[in-house]
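Secondary and tertiary structure notes
As a plain string of letters, each chain reads:
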Protein chains: 2
Amino acid sequence: MAETLRDHGDPGDAPSVPAPLTPVTNDARPSAAEEARTIAASTSTATLASLTADGEPWASYVTYGLLDGQPVLCVSHMAEHGRNLSGDARASLAIVAPTTDPDPLASGRITLAGRVERPTGDEYTAAREAHLAAVAAAKYYIDYSDLTLWVLRVERVRWVGGYGRMDSASAADYLAAQPDAVSPKAAVAIDHLNDDHADSLTAMARALGGFPDATGATCTAADRYGLDLKVSTPRGIAYTRVGYATPIDSIDDLRAATVELAKRARS
Amino acid sequence: MAETLRDHGDPGDAPSVPAPLTPVTNDARPSAAEEARTIAASTSTATLASLTADGEPWASYVTYGLLDGQPVLCVSHMAEHGRNLSGDARASLAIVAPTTDPDPLASGRITLAGRVERPTGDEYTAAREAHLAAVAAAKYYIDYSDLTLWVLRVERVRWVGGYGRMDSASAADYLAAQPDAVSPKAAVAIDHLNDDHADSLTAMARALGGFPDATGATCTAADRYGLDLKVSTPRGIAYTRVGYATPIDSIDDLRAATVELAKRARS
């Protein structure tokens, strides 16, 4: 469960959001650990925070691959961040999910914090492959002698999903979680739902989402567990969740899952 | 002058780049301080490195505006990075220039390091305006009581322009520099030069760029001081610089400056 949104010290200014009038049938959604794994898998660039010899924080742009969820960096020991990691293994990585939202703080991002280690043996081979799989250009430099592979041993995970959606995850949960196979590929399907199936979305909001007074609904996101809906009601704009009958693990299953939701909403 | 590109420990693998055969007429280019100011002005999102209570480095996504080149952050004291800045003022900010290059390490990026301070009085007002000018959505939350404005007092500047282009700049030079008014807006003009004026670019490379044996040239960048050219020669691919007669401070002046270069190259 995400932390409750805390007010920003001036609740009188906050718009009130209508509450559901009936129980929400299935509000399952990705855990913070799953959200974090999905964001980690969504790109191959990040910013590293390392420590200078004076213990000062140093932010620097890096590329990474993922080895079972652990970031694999490839940095030069001639660069400041390379010297920093050699001097102090404590590090963290901020990763921002690609977004087209004009509001930069509406996007999802994570911080993975822990300690870096140089992989050896079979893990070195796997880490090298993981970095190359994510960063195509690395084939030109990964074997130069000044470059070092580092695996970030994740100890702390912080996820921010946008305004008011944030939580911490344990490292164990993060490492055990799977990235979402649906949400990064759902944009076209969401457009189709909103363009051609507005009535079905409204029916879902009424029958399954807890808003029998819905006058309209649009889908704002889809993931392995269900749809996020933005609901118009006479009481104002509300937000709810409609979960599929069973979770899905491929974008190819999204159509059947939403057809089932629409049928159930009208039955 | 940028630092000389140091090899990566395996010079035998590095491709050799043909040297100019004649003097380069005018190789003026932006200083590291100017490059850094241009990158700082190119976006309003960055990653902050701050220190936890245990002195560990914490990377987190932030928005910023610029007050005379100094980043102005607006962060909540309920967020980890907000608590970190309150506990230890040492901080740095990594900023990556927007890019369409498929190779993430070909893009320009900077690290600005120093200490944060809460602005007061007239500087508070100016810092607030600077943040709002850069981050439109901040008008919805900037005055909430949990949010604090911080100005990063820049003490160290590190610029990386891409592969082999990197340098440090003094804080004084960074603060005194002006962002480039030409390079962020030059894409259309560069396409036009390459599509319709390939002969002129080749003439520039031969007469002004030091490559009388050029068989072709394309423009890869344009800034206030001149053009970067990628030059085809019988000896291989080379890179050079052709500086305008005088620096320009508007994209509107780029056409006249390149026409003058073309005329001079053919005279």
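Residues numbered from 1 in each chain as written. Chains lettered and ligands numbered in written order. Predicted model: local features only at pLDDT ≥ 70, side-chain atom pairs only at ≥ 80, totals over all residues. Heavy atoms only, no water.

**Describing the UniProt feature "domain: CREG-like beta-barrel" (unreviewed entry) in chain A**
Under the feature "domain: CREG-like beta-barrel" (unreviewed entry), the UniProt entry names residues 31-175 of chain A. The annotated region residues 31-175 of chain A carries 25% helix and 43% strand content, and the separation between its end C-alpha atoms amounts to 13 Å. (UniProt positions renumbered as here; feature names shortened; annotations may be inferred. Helix = DSSP H or I, 4+ residues; strand = E, 2+ residues; numbered from the N terminus.)

**Observations regarding the relation of the copies chain B and chain A**
For the pair chain B and chain A, the best superposition has an RMSD of 0.1 Å and corresponds to a rotation of 180 degrees with a translation of 0.0 Å parallel to the axis. With respect to symmetry, the two chain copies, as superposed, fit the operation of a two-fold axis. Looking at the interface residues of chain B, 100% of them are also at the interface in chain A, so both copies use one shared face. (Least-squares fit on C-alpha atoms with pLDDT ≥ 70 in both. Contact = heavy atoms within 4.5 Å.)

**Observations concerning the UniProt feature "domain: DUF2470" (unreviewed entry) in chain A**
The positions UniProt marks with the feature "domain: DUF2470" (unreviewed entry) are residues 189-261 of chain A. Taken end to end, residues 189-261 of chain A comprises 36% helix and 32% strand; its first and last C-alpha atoms sit 15 Å apart.

**A word on the domain arrangement of chain A**
Here chain A is partitioned into domain 1 (34-176) and domain 2 (182-266). Each of domain 1 of chain A and domain 2 of chain A has a C-alpha centre, and the two are 34 Å apart. (Domains from an automatic or database assignment.)

**Focus: the interface of chain B and chain A**
Taken residue by residue, the interface counts 45 residues in chain B and 45 residues in chain A. Interface area, chain B with chain A, both sides summed: about 3800 Å², of which 63% is carbon and sulfur. At the junction of chain B with chain A, the criterion picks out 4 salt bridges. Of the charged contacts, one joins Arg115 of chain B and Glu56 of chain A as a salt bridge, the two residues approaching to 3.4 Å between their closest N and O atoms. Elements that contribute at least two residues to the side of chain B that touches chain A include exactly strand S1 (45-51), strand S2 (57-67), strand S4 (90-96), strand S5 (109-117) and strand S6 (147-162) of chain B. (Buried area = accessible area lost by both parts, 1.4 Å probe. Salt bridge = Lys/Arg side-chain N within 4 Å of Asp/Glu carboxyl O.)

**Some thoughts on the confidence of the model for chain A**
Here chain A averages 93 in pLDDT, and 94% of its residues register 70 or above. Here the predicted complex scores 0.89 on pTM and 0.88 on ipTM. (pLDDT = per-residue confidence, 0-100.)

**Things to note about the packing of aromatic side chains**
In this structure the tally under the stated criterion is 2 aromatic pairs over all chains. For the ring pair Tyr141 of chain A and Tyr163 of chain B, a centre distance of 6.2 Å and an interplane angle of 50 degrees mean the geometry is tilted. Of this pair, Tyr141 of chain A sits in the loop between helix H3 (121-134) and strand S6 (147-162) while Tyr163 of chain B sits in the loop between S6 and strand S7 (165-170), which puts the two residues in different chains. Taking relative accessible area as the criterion, Tyr141 of chain A reaches 8% and is therefore assigned buried. Residue placement shows Arg37 of chain A over the ring face of Tyr174 of chain A; its charged tip is 5.5 Å from the ring centre. Just above the ring of Trp150 of chain B sits the side chain of Arg118 of chain B; from NZ or CZ to the centre is 5.9 Å. (Phe/Tyr/Trp six-rings, centres within 6.5 Å; stacked < 30°, edge-to-face > 60°. Buried < 20%, exposed > 50% of the residue type's maximum accessible area, 1.4 Å probe, protein only. Lys NZ or Arg CZ within 6 Å of the ring centre and 35° of its normal.)

**Concerning the pattern of salt bridges**
Residues and elements named next belong to chain B. Taken as a whole, this structure holds 32 salt bridges over all chains when the rule is applied. Taking the shortest distance from any N to any O, the salt bridge between Asp228 and Arg241 comes out at 3.0 Å. Here Asp228 is found in strand S9 (residues 226-233), whereas its partner Arg241 is found in strand S10 (residues 236-243), with 13 residues between them in sequence. With a relative accessible area of 13%, Asp228 lands in the buried category. Look at Arg241 and you get buried, because its relative accessible area is 3%.

**Some words on the pairing of strand S2 (residues 57-67) of chain A**
Within a regular strand, the side chains alternate between the two sheet faces. All names here are of chain A. S2 sits mainly inside the fold: 10 of its 11 residues count as buried. Relative to S2, strand S1 (residues 45-51) runs antiparallel, the two sharing 7 bridges. Opposite Ala46, over in S2, you have Val62 as the bridge partner. Counted between consecutive antiparallel strands, the loop separating S1 from S2 contains 5 residues, among which Gly55 sits at a positive phi close to 80 degrees. (Pairing = 2+ DSSP bridges.)

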